[in-house]
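# A closer look at the structure
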Amino acid sequence: MASSDALLPISAREEDPLLSDGSRSDPNLETHFRRRPVKGLLAVSFGLLFIAFYVALIATHDGSRSKDAIIDETATSTSRARLAGVSEKSNDQLWKLSGDRNTAAFAWNNSMLSWQRTAFHFQPEQNWMNDPNGPLFYKGYYHFFYQYNPNAAVWGDIVWGHAVSKDLIHWVHLPLAMVADQWYDSNGVWTGSATILPDGSIVMLYTGSTDKSVQVQNLAYPEDPNDPLLLKWVKFSGNPVLVPPPGILPKDFRDPTTAWKTSEGKWRITIGSKINRTGISLVYDTTDFKTYERLDTLLHAVPNTGMWECVDFYPVSKTDVNGLETSVNGPDVKHIVKASMDDTRIDHYAVGTYFDSNGTWIPDDPTIDVGISTSLRYDYGKFYASKTFYDQNKSRRILWGWISESDSEAADVQKGWSSLQGIPRTVVLDTKTGKNLVQWPVEEIKSLRLSSKKFDMEVSPGSMIPIDVGSAAQLDIEAEFEIKKESIDKILGNASVVAEAEEFSCQNSGGSTVRGALGPFGFSVLADEKLSEQTPIYFYVAKGKDSKLKTFFCTDTSRSSFANDVIKPIYGSVVPVLKGEKLTMRILVDHSIVEGFGQGGRTCITSRVYPTKAIYGAAKLFLFNNAIDATVTASFTVWQMNSAFIHPYSEDVVRALSRN
Ligand SMILES: *[C@@H]1O[C@H](CO)[C@@H](O)[C@H](O)[C@H]1NC(C)=O
Ligand SMILES: *[C@@H]1O[C@H](CO)[C@@H](O)[C@H](O)[C@H]1NC(C)=O
Ligand SMILES: *[C@@H]1O[C@H](CO)[C@@H](O)[C@H](O)[C@H]1NC(C)=O
Ligand SMILES: *[C@@H]1O[C@H](CO)[C@@H](O)[C@H](O)[C@H]1NC(C)=O
Ligand SMILES: *[C@@H]1O[C@H](CO)[C@@H](O)[C@H](O)[C@H]1NC(C)=O
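Residues numbered from 1 in each chain as written. Chains lettered and ligands numbered in written order. Predicted model: local features only at pLDDT ≥ 70, side-chain atom pairs only at ≥ 80, totals over all residues.

The name that an unreviewed UniProt entry assigns to the protein is beta-fructofuranosidase, with the source organism given as Eutrema salsugineum. The heading Subcellular location (unreviewed entry) in the UniProt record of the protein holds the text "Vacuole lumen". Within the UniProt record for the protein, the comment given under Sequence similarities (unreviewed entry) is "Belongs to the glycosyl hydrolase 32 family." (UniProt positions renumbered as here; feature names shortened; annotations may be inferred.)

This is the structure we're talking about:
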């Protein structure tokens, strides 16, 4: 049962890890704003301002549309992002879900909305963010760039935001890295990637949307390589360096990857596109990043998958636990192709073999090829436009993913911000299965753990147990479950228990309230005392026709909020469980985001939830077992999580960092 350690209340940190360098920080620099108070103020003061701004924005866009146009999204209207030539950015299904566009949207108030802002996830101070761009480690700092609208909490006017960190957790916001100031990017400084050359210098390739909305690739580099903060960026005078080749439409050519070395010593990149309904990845070789030679082969192509955005391509080791630098190749290496599906907004990947000689790649298993419905996903919840980078400082590959909102644009405008980045994840090949990746929150996140409570309990069928950890809005949970052998034997040995594993899916089998023989069981997070709102994250174990067990990892957001203007899906997928393994899950809860990692990160689910009652001190944690027959033992630790320091931009802070 529970240990007697009391959980500490979340308290202000003594020392700012970004500014202190271990020693006492300069008292003049103690301008680090605590996350909580600031956001309340921000939401309140900017909320009204941005409603006004957004109405103005709609009005200037199309004078005939009234304010109601924000809500009156119909299937026939084409969104700003679609028109501009990128994937859908708003939750256009929202108003179709409610079925009745005359139903009033939920009456959000400022205390609810300000609670939604996260405490240890990366977000800009305000406004809209989307894709991660050009992540890298340079002279002691992790750099993070991102697609950013400096003017509103909705997509548009995209430039590159920029922040630095020593540990991927605590951040300092820096001035915009690149703005839309050239004909070749005047409609948007879109997504790109960094390559670190052998001499340590950095090249950045990014997509610009030109004054005529043609997608072109541009080259940029740091103005001062001695500046560890990389504050100023220079765009190459010969831009654009690549324009859409013959046969490729002007809005189907975007998001260059990090370059890797060929065996001939050239650099190679790939860029997503499509031909009719076939998603493709074009390949180019270069020696100077200014002129390119297109290969007549494609890295890969998959029919009926539509436009590929944000393609990522990287090696993983078959034997090693380390990540691999992007150019590494050899017999112990597999290669991952990831593409973000413009049509479905899902990041799909596959494990396969790369041929250096002709720049092509083939999947190990064509039945789970990139982008087809059976293929693997980084995440079965909300997770898109992701990008990895090789962290040469810790020999690991790190994955960033954009986590958008599941609420309405109107609510985003009211709260003054939209979107998060997921906690960066280390990503490696699952050497046990050889068939999938495993993703895990970077180890640095543990620095936010405050005191913990450990629990060991037996959970009988049909139980719901409150777990006393105090407020449960910022948690890290690591848990191990085991179904009692008697329960399993009873089910497997009973011919009248119907096999259901073949039919079961998290999405379509009714969620966490539907009871099966051996599941569901897991945690309900962000639940109020009466369980009127709750978000269950759980395993469902089902018997198959072969009398073997199949395990699913799911998150059910259908009861996560009373609000009618949020999307509340049931997410999840099968998770591989090998012989002798216990069932394990890790959950990070941070206000409106919940990240679940099943079986060490074989299956991951990120969800956005917007409770109206289970907030602040009323947010609780429960353990449940809704199986009919299974008695489960649960062994788990719950940590309260501190808030990260995410400094607003200020010249003083930047001066202090430059001195380091
Ligand atoms: C917001 O609404 C909730 C529920 O109705 C209420 O308890 C809370 O006091 C309200 N907060 C503000 C700032 O109005
Ligand atoms: C990693 O970065 C830190 C901080 O700049 C530095 O002290 C250390 O030497 C680096 N380690 C490696 C292996 O590059
Ligand atoms: C694309 O579709 C058009 C119309 O069906 C067809 O004429 C054309 O050959 C297709 N292009 C390719 C490359 O398949
Ligand atoms: C690329 O090279 C590999 C290895 O030589 C070969 O098996 C494959 O067929 C080639 N692919 C294409 C499209 O030429
Ligand atoms: C076998 O399963 C059926 C259907 O679930 C149930 O009615 C029956 O009691 C079970 N038999 C035993 C021996 O557990």
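### Considering the nonpolar core
Counting residues in hydrophobic clusters, the biggest one holds 167 residues, and the most contacted among them are Val337, Val525, Phe539, Ile587 and Val589. Residues contacting Val337, with those up to four places away along its chain left out, are Leu299, His300, Phe313, Tyr349, Ala350, Gly352, Trp361 and Val370. (Core = buried A, V, L, I, M, F, W, Y, C linked by C-beta atoms within 7 Å. Buried ≥ 20, exposed ≤ 12 C-beta atoms within 10 Å, placed from the backbone. Contact = placed C-beta atoms within 7 Å.)

### A look at the environment of Pro222
Here Pro222 shows up in strand β7 (residues 215–222). What makes Pro222 buried here is the crowd of 20 C-beta atoms within 10 Å. Setting aside anything within four residues of it in sequence, one finds Pro222 in contact with Ile202, Asp227, Leu230 and Trp233. (Helix = DSSP H or I, 4+ residues; strand = E, 2+ residues; numbered from the N terminus.)

### A look at the pairing of strand β5 (residues 189–196)
In terms of burial, β5 is a largely internal element, seven of the eight residues being buried. Here six bridges tie β5 to strand β6 (residues 202–209), and the two strands are oriented antiparallel to one another. Along β6, the bridge assignment pairs Thr195 with Val203. Connecting β5 to the antiparallel partner β6 that follows it, the hairpin turn spans five residues, and Gly200 within it adopts a positive phi of roughly 90°. (Pairing = 2+ DSSP bridges.)

### Considering the pairing of strand β19 (residues 396–403)
Counting buried positions along β19 yields seven of eight residues, so the element is predominantly enclosed. Bridge count between strand β18 (residues 384–391) and β19: six bridges; the pairing is antiparallel. Across the sheet, the residue bridging to Thr388 is Leu399, located in β19. In sequence, β18 turns back onto β19 through a hairpin of four residues, with Ser395 there showing a positive phi of about 50°.

### Notes on the environment of His121
Along the chain, the position of His121 falls in the loop between α5 (110–116) and β1 (127–138). For the pair His121 and Asp590, spaced 469 residues apart in sequence, the C-alpha to C-alpha distance is 7.7 Å. Contact partners of His121, with chain neighbours within four places excluded, come to Leu420, Gln421, Ile423, Asp590 and Ile593.

### Quick look at the sheet that holds strand β12 (residues 292–302)
Picture the strands of a sheet paired through backbone hydrogen bonds; they go either parallel or antiparallel. Across the sheet, which stays open at both edges, the four strands sit in the order β9-β10-β11-β12 with antiparallel pairing between neighbours. This sheet does not close on itself; its edge strands, each paired only once, are β9 (260–261) and β12. In this structure, strand β10 (residues 267–275) lies alongside strand β11 (residues 278–286), joined through nine bridges in antiparallel fashion. When the sheet's bridge partners are listed, Lys274 is paired in β11 with Gly279.

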